[in-house]
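Spelled out from the first residue to the last, the chains are:
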Amino acid sequence: QLDNLVATKKLGTFKQIVLSGCSAGGMACYVKCDFVASYFKNLSIPVKCLCDAGLFLDVETVTGAGNVMETRYHDIAKQMQSKPGLPSACVAAEADWKQCIFSQYALKHMQTPTFAINSLYNFGEWEMLSPIAPAGVFPPDTGNPPADWSKCWPANGKLSPDTFKQCNS
């Protein structure tokens with residue numbers, strides 16, 4: 001709780017606050033950035049956000065398995081009753097409030113100065129979208145991936161600059 005941090009860590013005396021996170025924390029950074037900025041605005045403390053990775057995309061997989069990220073994240077949002085914790089500007093603007101769990105939608109509505117970093121080597125995202133995942137891991141196996149994709153993402157999961165050079169557009 002921010003009240004607790006202000007009371008116990010003296011955040012109320014800070015001159016500026018930078019909210020940051022990486023991977024899932026980066027996703028939380030996008031989702032909570034404006035909330036944190038609004039809280040500290042009452043204390044006249046400016047907030048900026050540095051979201052490192054966590055820009056998990058609402059796109060179909062390369063395997064043709066459909067949009068497993070949307071299915072997964074919408075289920076999480078619904079089951080966890082996340083609507084009150086999602087950015088209110090995003091929830092008000094999007095046709096389906098569950099889209100706001102995705103950083104790409106939350107980012108469209110953010111007012112707080114934000115620096116987004118999403119590394120080419122964000123392995124969490126690659127694993128979600130990769131066709132060479134072990135059985136039972138998203139996305140589901142839909143058969144043999146095209147040869148050019150296999151060269152790009154080796155079966156051992158070790159993406160490197162050399163294997164990435166073999167990726168097509």
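That block above? That's the structure.
Numbers given to residues run from 1 along each chain, matching the order in which its sequence is written. The predicted nature of this model means local features are confined to residues of pLDDT at least 70 and side-chain atom pairs, given and counted, to a pLDDT of 80 or more, with totals for whole chains, interfaces and linings taken over all residues. The basis for the side-chain values is all heavy atoms of the structure; hydrogens and waters are excluded.

Our next topic: the layout of surface pockets. Taken as a whole, the second largest pocket holds about 170 Å³ of empty space. For each structure, a 1 Å grid was placed over the protein atoms alone; sets of points admitting a 1.4 Å probe that cannot get out are labelled cavities, open sets with protein on both sides within 12 Å along at least five of seven lines are labelled pockets, and lining residues have an atom within 4 Å of a point. What lines the second largest pocket is simply M27, V31, K32, Y73, I76, S82, G85, L86 and I101. Going through the elements one at a time, α2 (24-41) and α3 (68-79) are the ones with two or more residues in the lining of the second largest pocket. Polar here means any residue other than Ala, Val, Leu, Ile, Met, Phe, Trp, Tyr, Cys and Pro, which are nonpolar, and Asp, Glu, Lys and Arg, which are charged; Gly is therefore polar. Across the lining of the second largest pocket, the residue classes tally to 6 nonpolar, 2 polar and 1 charged. Grid points are joined across faces, edges and corners, and a volume is the space filled by probe spheres set on the points. A helix here means a DSSP run of H or I that spans at least four residues, while a strand means a run of E at least two residues long, and both kinds are numbered starting from the N terminus.

Below, the discussion takes up the nonpolar core. One finds I17, Y30, V36, F40, V47, C49 and C51 to be the most contacted residues of the largest nonpolar core, which totals 15 residues. In terms of residues, this core owes the most to one element, α2, which gives 6 residues. Setting aside residues no more than four positions away along its own chain, V47 makes contact with I17, V36, A37, F40, T112 and P113. Remark: nonpolar core denotes a set of buried residues (Ala, Val, Leu, Ile, Met, Phe, Trp, Tyr, Cys) joined through side-chain atoms within 4.5 Å. Each residue is placed in one exposure class: buried if its accessible area under a 1.4 Å probe, protein chains only, is under 20% of its type's maximum, exposed if it is over 50%, and partly exposed if it falls in between. Residue contacts follow a heavy-atom distance rule, with two residues in contact if any of their heavy atoms lie within 4.5 Å.

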